[in-house]
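Next come the chains, spelled out residue by residue.
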Amino acid sequence: MIYVDNLVLDDVARGFHIPAKPEILHEFKQIMSDENASISDEAKIVSKDISLSSAILKTINSPFFGITRTISNIHQAVCFIGMEGVNYLATALLLKKAFVGETSCLSFDKFWSDATNIANAMMFISDNLSCDIPTDSLYAVGLFHDCGIPAMALQYNDYKNTLDEADELGFNSVIIENEKYGTNHAIVGYYIASSWHLPKEICNIILQHHELDFLFKVTGSNEQLIYATLKMAENITERKLRFRQSSDWQFIGEDVLNVLGINSDEYADLEEKYCNIDL
């Protein structure tokens, strides 16, 4: 398991481009902490930002959210996915927006497209499995889990080569990142998520999301359920788009199925169903 201390986080803070948390998220925090706040209060805050409102409505009206009716306004969105759900979704979408326009060695358009596909796949898995996966934070985890990658790409001119090297070798990049840079995108992503005041549970998943022993002992915790959903989403997305397994699946796939309570045949059916969806 990875553990980080304040010295590690201080190094990240000094060395990396970390986008500031938008003011609208501070307003959300005040609303969420007010026991007298209502759905209408949060809807009013979101509605002030037209681009954010449009992005939220477009996202939840996608087939992956499993909502059977069209959601036409933010008030309805809050009613359907809850104040916490809208908060997580807005946070994820605003982080994506925070890196737009930055120049780096990576294509951020491609990166966020992949992250969005994984977030959608997580919602699809949750909608198609009977186990009690906590859904509020799934989309945010899907978009946020690799959020350290854009920051690494802005910091290191050769970072794309590092990712290409890991891809060629067929494993995740954190080992090579640690050797080259003394840190990795999971730690940087943990710092970004913490800076944006995401719940500790989500921050921990981002920090551990390439740790192959995370599911070694099945506990049934929310963190394990979300982590397992993320790993399955990475794999079915990779299978659909690039006709290959994700880098971690060969090591962790069996544990993922155990945590989510399905067998290999049921997984194959789920993957086939997902692959037939038009992205």
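Since the model is a prediction, treat every value here as computed from it, not as a measurement.

Student: I would appreciate a short explanation of the overall build of the chain in the present structure.
Tutor: Helix and strand counts for the chain come out as 15 helices and 0 strands. Expected size for 279 residues packed as a compact globule is a radius of gyration near 19 Å; at 18 Å, the chain falls within 12% of this value. Along the longest, intermediate and shortest principal axes, the C-alpha atoms of the chain span 50 × 50 × 35 Å. Taken over 279 residues, the chain has a buried fraction of 51%. Carbon together with sulfur atoms contributes 48% to the accessible area of the chain, which is approximately 13,300 Å² in total.

Student: Even after reading the chapter, I still don't get helix H8 (residues 148-155), so can you show me in this structure?
Tutor: One full turn of an α-helix is made of 3.6 residues, so residues set three or four places apart face in the same direction. Counting buried residues along H8, 6 of its 8 residues qualify, which places the element largely inside the surrounding structure. Every buried residue belonging to H8 is among Gly 148, Ile 149, Pro 150, Ala 151, Met 152 and Ala 153, and all of these are buried. Considering only its buried residues, H8 is in contact with helix H6 (108-128), helix H9 (159-169), helix H10 (174-181) and helix H11 (185-195).

Student: I keep staring at the side chain of Thr 237 and nothing clicks. Help me out?
Tutor: Looking at the secondary structure, you find Thr 237 in helix H13 (residues 222-242). Of the polar contacts made by the side chain of Thr 237, one reaches the backbone oxygen of Ala 233; its length is 2.7 Å. Excluding residues that lie within four positions of it along the chain, Thr 237 makes contacts with Asn 117, Ile 118, Ala 121, Arg 242 and Tyr 274.

Student: Sorry, what's going on with the pattern of salt bridges here?
Tutor: Side chains carrying opposite charge are able to pair once their charged atoms draw close together. Using the criterion set out here, one finds 11 salt bridges in the structure. A salt bridge links Lys 160 to Asp 164, with the nearest nitrogen and oxygen atoms 3.0 Å apart. In this pair, Lys 160 and Asp 164 both sit in helix H9, 4 residues apart, roughly one turn of the helix. Close ionic contact of Glu 234 with Lys 231 constitutes a salt bridge, the shortest N to O distance being 2.9 Å. Residue Glu 234 and its partner Lys 231 are located together in helix H13, separated by 3 residues, close to a single helical turn. Taken together, the shared-partner salt bridges in this structure form one network comprising Lys 110, Asp 114, Asp 167, Glu 238, Arg 242 and Arg 244.

Student: I keep staring at the packing of H9 against H10 and nothing clicks. Help me out?
Tutor: In a pair of packed helices, the angle between the axes and the distance between the axes together describe the arrangement. For the pair H9 and H10, the least separation of the axes is 9 Å and the interaxial angle reads 140°. What the angle tells us is that H9 and H10 run oblique. The element H9 and its partner H10 pack so that their crossing is right-handed. Touching Tyr 159, Thr 162, Leu 163, Glu 165, Ala 166 and Leu 169 of H9 are Ile 176, Glu 177, Lys 180 and Tyr 181, all from H10.

Student: Any chance you could explain the nonpolar core here in plain terms?
Tutor: A general tendency of soluble globular proteins is for nonpolar side chains to be buried together. Counting residues in each nonpolar core, the largest one holds 90 residues, and the members touching the most others are Ile 56, Ile 125, Phe 144 and Met 232. Looking at this core, the element that brings in the most residues is helix H5 (residues 74-98), giving 13 residues. Each residue touching Ile 56, except ones within four places of it in the same chain, is listed here: Val 46, Ile 74, Ala 77, Val 86, Leu 89, Ala 90 and Leu 93.

About the thresholds
The residue numbering used here restarts from 1 in each chain and proceeds along that chain's sequence as written. Residue-level local features of this predicted model are given only where pLDDT is at least 70; pairs of side-chain atoms are given and counted only at 80 or more, and the full residue set underlies all totals for whole chains, interfaces and linings. To obtain the side-chain values, all non-hydrogen atoms of the structure were used and water was disregarded. The secondary structure listing takes helices from DSSP runs of H or I that are at least 4 residues long and strands from runs of E that are at least 2 residues long, numbered from the N terminus. Throughout, radius of gyration means the C-alpha value; the globule benchmark is 2.2 Å times the number of residues raised to the power 0.38. Burial classes: relative accessible area under 20% of the type maximum marks a residue as buried, over 50% as exposed, and values in between as partly exposed (1.4 Å probe, protein chains only). Using the Shrake-Rupley algorithm and a 1.4 Å probe, accessible areas are obtained, with residue cover drawn only from the displayed protein chains. Here a residue-residue contact requires only that any non-hydrogen atoms of the pair lie within 4.5 Å. In protein, a polar contact requires one atom able to donate a hydrogen and another able to accept it; more generally it is a pair of N or O atoms within 3.5 Å, and residues adjacent in sequence count only if both atoms are side-chain atoms. The term salt bridge refers to a pairing of a side-chain nitrogen on Lys or Arg with a carboxyl oxygen on Asp or Glu at a separation within 4 Å. The convention used is that axes are lines fitted to C-alpha atoms, helices contributing only their stretch in contact, and that angles between N-to-C directions extend from 0 to 180 degrees. Oblique is the label for any angle not under 35 degrees, not over 145, and not in the 65 to 115 range, which are roughly parallel, roughly antiparallel and roughly perpendicular in turn. For any helix crossing, the convention is left-handed if the near helix is rotated counterclockwise from the far helix by under a right angle, and right-handed if that rotation is clockwise. By nonpolar core is meant a set of buried Ala, Val, Leu, Ile, Met, Phe, Trp, Tyr and Cys residues that side-chain atoms within 4.5 Å join together.

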